[in-house]
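One letter stands for each residue in the lines below.
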Amino acid sequence: MISIVKIDDGDVLNATSVYGKFSAFQSAINELDQKSIGPGAFQHQHMPAFMVDIGAAPKTIGTNGVVHTYDASGWQQIADSTGAQLRINPSTPPHLGMSLTPGIWGLVILANIEVWKMYDAANPVTNTSAQNLALFRLEWYNGTTWAEIPSSPCSISQDLADPGTAPVLAIATFLLDQPRMQKDVPLMGYLTDADVPSGETVQGVRAVCNCGTAATGSHGSTWTAGQETLELKRANMSILALHAGDS
Amino acid sequence: MPNITIPNNQADGDVLSSQSFEENLCVPLASSPASLEVINGELDDDNLESVLLTRDLVQRGELFQGEQVGFSVPLDYFSDLFGGFVNGDAASPTENDNLEEFRPIPGVARTLHFRWDAPWVLVLFRIFCNHDGSHGASAKTPVFRLFMDGTQVSGQRRPVPPHVYNSIRYSAAMQREWSGHVMIENVTRGWHDIYLAVASDAPHTRLLNGAIAVILPWGS
């Protein structure tokens with residue numbers, strides 16, 4: 001409610017009294033209460049953006065027909081044949097947390113990776129098993145070390161094509177051709193202030209891969225490095241910074 | 001937008017001019033309105049005391065615009081439909097020269113009207129496919145590509161592996177769900193077509209189900 005003292009006939013106006021009329025409006029309009037807002041009053045122009053620009057342009061690597069290879073030596077940065085990495089370094093490395101400025105609730109990281117083949121070059125026919133795994137995960141960088149983004153790891157197996165019924169010769173040819181690993185691997189990660197210690201910023205996000213052989217019955221929880229080679233092609237990654245807060 | 005700050009603080013002894021009086025009433029500015037002019041449609045959340053923004057206070061579709069469509073009825077394509085298309089993973093491919101052979105897939109296509117320029121648009125898609133293309137140097141396979149307004153989106157190509165080896169069909173083991181996402185930046189307001197398209201030199205390609213989702217964030 002805006003209350004203005006009435007100006008009666010005969011009142012003497014001066015600068016102070018005139019300005020007082022404005023300041024009453026000013027205070028009232030600057031502190032509108034909930035009841036002042038009609039249903040559907042707000043459009044997007046009135047609202048703060050729900051995304052924050054942290055300078056993290058999406059990244060695409062790889063070209064048709066050109067593979068990049070990885071061995072079983074451990075987690076390796078995914079990068080195409082030109083050296084372009086599946087990695088995004090925000091130009092404005094964000095803190096995470098609603099109480100910070102700008103308030104960022106969390107980062108959603110999406111990636112898709114085209115897997116071409118996985119094989120043991122020394123034993124292409126005999127070393128084929130659903131226990132041979134290609135592993136992928138997302139990591140974030142605080143400027144010093146890389147850490148796994150929780151819930152982002154994903155693995156796919158070098159599955160067989162119904163070996164129980166296919167003729168041996170057909171299987172052998174099939175395995176030598178080695179294309180059956182061809183899959184699309186989607187990765188998704190969600191990074192919040194619970195994952196990023198106070199005072200640290202997210203200076204980079206990347207996708208890494210590895211390959212190996214899972215121990216029997218381990219469901220991939222324990223595995224050993226073997227002779228596998230993993231071939232990848234195209235991949236892309238995006239980061240969405242979800243806004244929450246006042247600025 | 002900042003709170004109103006009346007531009008001319010008038011105190012005792014000041015000469016009250018018509019100009020300063022008028023400026024306090026109305027100073028139309030493109031930004032930072034600093035007079036009572038702000039009540040002419042310029043009020044926003046900065047003018048609120050502590051207010052809980054509930055859904056009923058915001059117009060529908062003003063924070064995000066998003067749509068998803070899909071299909072679950074098998075769609076059959078035969079290689080005759082695609083002219084002389086040769087997939088890009090085979091010998092002597094024509095794929096890059098024959099992008100016009102890619103056919104939008106019903107149910108994985110959307111025409112949208114963007115009400116404002118968008119800093120980015122997030123597109124998510126998936127497709128489940130089966131076919132009878134053979135392996136070898138001249139492997140016959142379907143290929144999927146994402147298009148926007150008739151132009152392919154960079155990096156959004158999904159090649160499907162052969163399903164037939166030595167006349168034995170391995171579709172049960174080889175069939176895959178192909179998925180992807182892409183964040184397309186700086187999309188202008190207006191109508192846009194976004195669709196996944198297929199071309200194939202496999203004799204018979206069957207698409208079993210698929211979907212596409214488009215998400216746009218608004219906000220100032």
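Keep in mind that what you see is a predicted model, and the values were worked out from it rather than measured.

Before going further, it helps to examine the overall build of chain A. The helix and strand inventory of chain A stands at 2 helices and 12 strands. Going from the N terminus to the C terminus, chain A shows its helices and strands as α-β-β-β-β-β-β-β-β-α-β-β-β-β. Scored against the burial criterion, the 247 residues of chain A give a buried share of 47%. Across chain A, every contact between residues at least 6 apart in sequence was considered, and the portion connecting residues at least 24 apart equals 77%. Of the roughly 11400 Å² of accessible surface on chain A, a fraction of 54% belongs to carbon and sulfur atoms.

The geometry of helix H1 (residues 15-30) of chain A relative to helix H1 (residues 18-25) of chain B is characterised by a closest axis approach of 11 Å and an angle of 15 degrees between their N-to-C directions. Here H1 of chain A lies roughly parallel to H1 of chain B, going by the angle between them. Two packed elements cross with a definite hand, and for H1 of chain A against H1 of chain B that hand is left-handed. For the pair H1 of chain A and H1 of chain B, contact is made by Val18, Tyr19 and Phe22 of chain A and by Phe21, Asn24 and Leu25 of chain B, respectively. Looking at the contact of H1 of chain A with H1 of chain B, its residues break down into 5 nonpolar, 1 polar and no charged.

It is worth spelling out the pattern of salt bridges at this point. This structure, assessed with the given rule, holds 13 salt bridges over all chains. Close ionic contact of Arg110 of chain B with Glu67 of chain B constitutes a salt bridge, the shortest N to O distance being 2.6 Å. Of this pair, Arg110 of chain B sits in strand S3 (residues 103-114) while Glu67 of chain B is found in strand S1 (residues 64-71), placing the two residues 43 residues apart along the sequence. Residue classification places Glu67 of chain B among the partly exposed residues on the basis of a relative accessible area of 29%. Note that Arg157 of chain B is salt-bridged to Glu95 of chain B, the shortest N-O span being 2.6 Å. Residue Arg157 of chain B is located in strand S6 (residues 151-159), and its partner Glu95 of chain B is located in the loop between strand S2 (75-78) and S3; the two are separated by 62 residues in the primary sequence. Across the pair, exposure class does not vary: Arg157 of chain B and Glu95 of chain B are buried alike. Residues joined by salt bridges that share partners form a network here, namely Glu114, Asp184 and Arg234 of chain A together with Arg158 of chain B.

Attention now goes to the side chain of Glu139 of chain A. Residue and element names in this part refer to chain A. Structurally, Glu139 can be placed in strand S6 (residues 132-141). Looking at Glu139, its side chain comes within polar contact range of the side chain of Arg137, at 2.8 Å. Side chain to side chain, Glu139 and Arg206 meet in a polar contact 2.7 Å long. Residue contacts for Glu139: discarding those within four places in its chain leaves Trp146, Ala147, Glu148, Ile149, Gly204, Val205, Arg206 and Val208.

Taken residue by residue, the interface counts 63 residues in chain A and 70 residues in chain B. Where chain A abuts chain B, roughly 5600 Å² becomes buried across the two surfaces, and 61% of that area is made up of carbon and sulfur atoms. Of all residues in chain A, Phe22, Phe42 and His44 of chain A give up the largest surface area on contact with chain B, accounting jointly for 12% of the area buried on that side. Connecting chain A to chain B are 1 salt bridge. Salt-bridge contacts for Asp184 of chain A lead to Arg158 of chain B; the nearest nitrogen and oxygen are separated by 3.0 Å. Where chain A touches chain B, the interface holds 12 residue pairs in polar contact (both at pLDDT 80 or more). Secondary structure elements with two or more residues in the side of chain A that touches chain B: H1, strand S5 (104-120), helix H2 (168-177), strand S9 (183-192) and strand S12 (228-243) of chain A. Here the side of chain A that touches chain B is composed, by residue class, of 36 nonpolar, 18 polar and 9 charged.

Before going further, it helps to spend a moment on the packing of aromatic side chains. According to the stated counting rule, one finds 5 aromatic pairs over all chains in the structure shown. Seen from their ring centres, Phe85 of chain B and Phe102 of chain B are 5.6 Å apart, and the 90 degrees between their planes marks the pair as edge-to-face. One end of the pair, Phe85 of chain B, is in the loop between S2 and S3; the other, Phe102 of chain B, is in the loop between S2 and S3, with 17 residues separating them in the sequence. Residue classification places Phe85 of chain B among the buried residues on the basis of a relative accessible area of 4%. Looking at Phe102 of chain B, the relative accessible area reads 6%, which means it is buried. An aromatic cluster of at least three residues, connected via ring pairs, comprises Phe85, Phe102, Phe147 and Tyr195 of chain B. Taking NZ or CZ as reference, Arg206 of chain A lies 4.2 Å from the ring centre of Trp146 of chain A, over its face. In this structure, Lys233 of chain A packs its charged tip against the face of Trp116 of chain A, placed 3.2 Å from the ring centre.

Residue and element names in this part refer to chain B. Pairing within the open sheet is antiparallel, and its 4 strands lie in the order S3-S10-S5-S6. At either margin of the open sheet sits one strand with a lone partner, and together these are S3 and S6. With strand direction ignored, the average angle separating the axes of adjacent strands in the sheet is 15 degrees.

The next point concerns the side chain of His131 of chain B. Turning to its location among the elements, His131 of chain B is positioned in strand S4 (residues 118-131). With residues near it in sequence (within four places) discarded, His131 of chain B still touches Lys140, Thr141, Pro142, Val160, Pro161, Pro162, His163, Arg169, Ser171, Ala202, His204 and Thr205 of chain B.

Our next topic: the nonpolar core. The biggest cluster of nonpolar side chains holds 38 residues, and the ones touching the most others in it are Ile78, Leu107, Ile113, Phe136 and Leu230 of chain A. Elements supplying a minimum of two residues to this core: S5, S6, S9, strand S10 (204-214) and S12 of chain A. Element by element, the count of residues in this core is highest for S5 of chain A, at 7 residues. In this view, Leu107 of chain A contacts Ile54, Pro94, Leu96, Gly189, Tyr190, Leu191, Val202, Ile239, Leu240 and Ala241 of chain A; residues no more than four positions away in its chain are not counted. Grouped together as the second largest cluster of nonpolar side chains are 37 residues, Val121, Ile127, Val153 and Trp218 of chain B included.

Residues and elements named next belong to chain B. Residues at a pLDDT of 70 or more form 93% of chain B, whose mean pLDDT is 85. By mean pLDDT, helix H2 (residues 171-174) is the weakest element of chain B at 74, and S2 is the strongest at 97. This prediction of the complex comes with two scores: 0.81 for pTM and 0.79 for ipTM.

Reading guide: rules and limits
Residues numbered from 1 in each chain as written. Chains lettered and ligands numbered in written order. Predicted model: local features only at pLDDT ≥ 70, side-chain atom pairs only at ≥ 80, totals over all residues. Heavy atoms only, no water. Helix = DSSP H or I, 4+ residues; strand = E, 2+ residues; numbered from the N terminus. Buried < 20%, exposed > 50% of the residue type's maximum accessible area, 1.4 Å probe, protein only. Contact = heavy atoms within 4.5 Å. Areas by Shrake-Rupley, 256 points an atom, 1.4 Å probe, with all protein chains shown as cover. Axes fitted to C-alpha atoms, helices over the stretch in contact; angles between N-to-C directions. Parallel < 35°, antiparallel > 145°, perpendicular 65-115°, else oblique. Left-handed = near helix turned anticlockwise from the far one by under 90°. Nonpolar A, V, L, I, M, F, W, Y, C, P; charged D, E, K, R; others polar. Salt bridge = Lys/Arg side-chain N within 4 Å of Asp/Glu carboxyl O. Polar contact = N/O pair within 3.5 Å; in protein donor to acceptor, adjacent residues only side chain to side chain. Buried area = accessible area lost by both parts, 1.4 Å probe. Phe/Tyr/Trp six-rings, centres within 6.5 Å; stacked < 30°, edge-to-face > 60°. Lys NZ or Arg CZ within 6 Å of the ring centre and 35° of its normal. Pairing = 2+ DSSP bridges. Core = buried A, V, L, I, M, F, W, Y, C linked by side-chain atoms within 4.5 Å. pLDDT = per-residue confidence, 0-100.

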